[in-house]
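Fold and geometry: a report
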Amino acid sequence: MSEAVVQPPVLRWAQRRGGHDDGAMRNRFGNWDQWLTREKTPHFSDIARIAHFTRVPLGYLFLPEPPQEDLPIPDLRSGRGSAPAASDELLDTIYLNQRRQAWYEDHLAEVGDLAEVGAAVPPLPFVGSARNAGVEEAASRILHALDYGIHSRRTMGSAERARTHLIEAFEDLGGLVVVNSMVENNTHRPLDLGEFRGFTLHSATAPLVFVNGKDTKRGQIFSLLHEFAHVWRGESAVSAGGDPMVARDHATERWCDAVAAQIAVPSDDLRRNFDPDADLTAELDRLSIRYWCSTLVILIRLRETGHVSRECFADIYADEVDRLLHLQAEVKRASGGSFYANQAFRVGRTLSRELIADTLRGSTPMTEALRLLSFTKTSVFDGYADHLGMF
């Protein structure tokens with residue numbers, strides 16, 4: 001049986017591309033660790049099995065180095081210039097959530113009356129409904145669909161509750177939301193907020209929004225609104241990293257930022273409630289609680305409404321950035337919280353419940369459920385199901 005030369009980095013790339021952890025590779029290939037260290041060389045038949053298991057073209061495994069991968073969805077992190085190369089963390093996060101979304105789309109087609117022969121899953125009416133709308137019209141549609149008016153926000157009490165409201169409201173409409181600061185549950189693979197703030201995976205029946213959990217709660221709220229704007233436009237996209245509403249080269253990104261800003265800080269309400277005689281810093285903090293929004297976004301909105309002059313804006317904005325960084329440094333970092341409680345964000349509330357229920361019915365294999373949930377043990381699956389009250 002002939003041996004073939006395969007580079008360990010290419011093997012690692014195939015493993016990652018297939019979404020398998022080390023344990024899965026070792027269980028399927030007894031010499032996996034030895035192939036990675038070059039202590040042994042895989043036979044051609046082994047390589048063919050690796051290609052099949054990881055779902056990568058066989059020829060790619062014979063490349064001298066891993067291929068440079070393009071993002072599988074539109075990259076709006078830059079405009080006319082070239083976007084920075086996507087990190088493995090970003091790619092892996094998109095691939096994982098594409099698999100989750102595909103499972104959920106198939107699940108929708110198989111449950112209830114939709115399982116009848118020839119039945120099709122009806123498209124969600126809001127997806128793509130604002131493609132040709134102006135900023136204020138699109139913002140109004142999203143705000144009302146999510147019940148996120150100013151009066152509703154006044155009852156929420158905190159930015160965390162406002163974030164939860166938006167997530168639950170969108171999922172109640174039929175969408176999926178994932179918030180995570182790392183790849184799966186791997187604390188050694190954090191996501192970079194400077195690389196991307198979030199992304200949207202378009203689907204007429206199961207649109208999925210991902211938000212980078214590295215951001216503050218208020219920052220995550222703005223990112224949710226930005227990604228919802230992509231959903232209402234009916235498109236997939238990876239959104240730019242860095243500060244929101246700053247240096248956006250792509251027209252679509254500017255539109256989504258504008259829609260998100262109008263929802264977060266409605267211009268008419270800001271004009272009525274801004275006190276020009278108050279200390280600006282104190283006023284920013286007050287309005288940040290009213291809107292559950294970053295003071296930086298409020299500053300930009302004050303410039304747009306003429307309450308802060310464009311000549312002074314750059315210096316004021318820089319001072320506010322410094323103030324926020326100083327405050328952040330003084331705040332003691334909170335604990336990561338309960339593992340099981342975090343999964344409702346890292347996997348999504350709706351997807352978690354539907355996947356667990358389908359697995360308990362025997363329709364989805366446990367191995368597939370563990371893979372989609374990013375678990376390695378059935379005991380963790382059982383613990384999460386118990387946490388959700390499904391036992």
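The text that follows walks through the structure, step by step, so that each part is easy to find. (Residues numbered from 1 in each chain as written. Predicted model: local features only at pLDDT ≥ 70, side-chain atom pairs only at ≥ 80, totals over all residues. Heavy atoms only, no water.)

1. A short note on helix α10 (residues 251-264)
An α-helix turns once per 3.6 residues; consequently, residues spaced three or four apart project the same way. An ideal rise of 1.5 Å per residue puts 20 Å on 14 residues; α10 measures up with 20 Å between its terminal C-alpha atoms. Counting buried positions along α10 yields eleven of 14 residues, so the element is predominantly enclosed. Listed in full, the buried residues belonging to α10 are T252, E253, W255, C256, D257, V259, A260, A261, Q262, I263 and A264. (Helix = DSSP H or I, 4+ residues; strand = E, 2+ residues; numbered from the N terminus. Expected span 1.5 Å × (residues − 1). Buried < 20%, exposed > 50% of the residue type's maximum accessible area, 1.4 Å probe, protein only.)

2. Some words on the nonpolar core
Counting 55 residues, the largest nonpolar core has Y148, F170, L225 and F228 as the members making the most contacts within it. Top contributing element to this core by residue count: helix α9 (residues 217-233), with eight residues. Contacts of L225, omitting those with residues within four sequence positions, involve Y148, L166, A260, I263 and A264. Counting residues in each nonpolar core, the second largest holds 35 residues, with I94, Y95, L191 and A385 among its members. (Core = buried A, V, L, I, M, F, W, Y, C linked by side-chain atoms within 4.5 Å. Contact = heavy atoms within 4.5 Å.)

3. Thoughts on the environment of A145
Tracing the backbone shows A145 in helix α6 (residues 135-145). Since its relative accessible area comes to 33%, A145 is described here as partly exposed. For the pair A145 and M156, spaced eleven residues apart in sequence, the C-alpha to C-alpha distance is 17 Å. Excluding its chain neighbours within four sequence positions, the residues that come into contact with A145 are L173 and W232.

4. Side note on the layout of surface pockets
A probe as big as a water molecule, rolled over the atoms, marks out the empty space that is left. Approximately 1100 Å³ is the volume attributed to the second largest pocket. Around the second largest pocket sit 34 residues that line it, and G19, H20, D21, D22 and A24 are the ones nearest its centre. Within the residue set of the lining of the second largest pocket, elements represented by two or more residues are α1 (8-18), α2 (22-28), α5 (88-110), β3 (186-190) and α17 (366-373). Examining the composition of the lining of the second largest pocket, we find that six residues originate from one element, α5, more than from any other. Its residues placed into classes, the lining of the second largest pocket shows ten nonpolar, eleven polar and 13 charged. (1 Å grid on protein atoms, 1.4 Å probe; cavity = no way out; pocket = protein on both sides within 12 Å on 5 of 7 lines; lining within 4 Å. Points joined across faces, edges and corners; volume = space filled by probe spheres on them. Nonpolar A, V, L, I, M, F, W, Y, C, P; charged D, E, K, R; others polar.)

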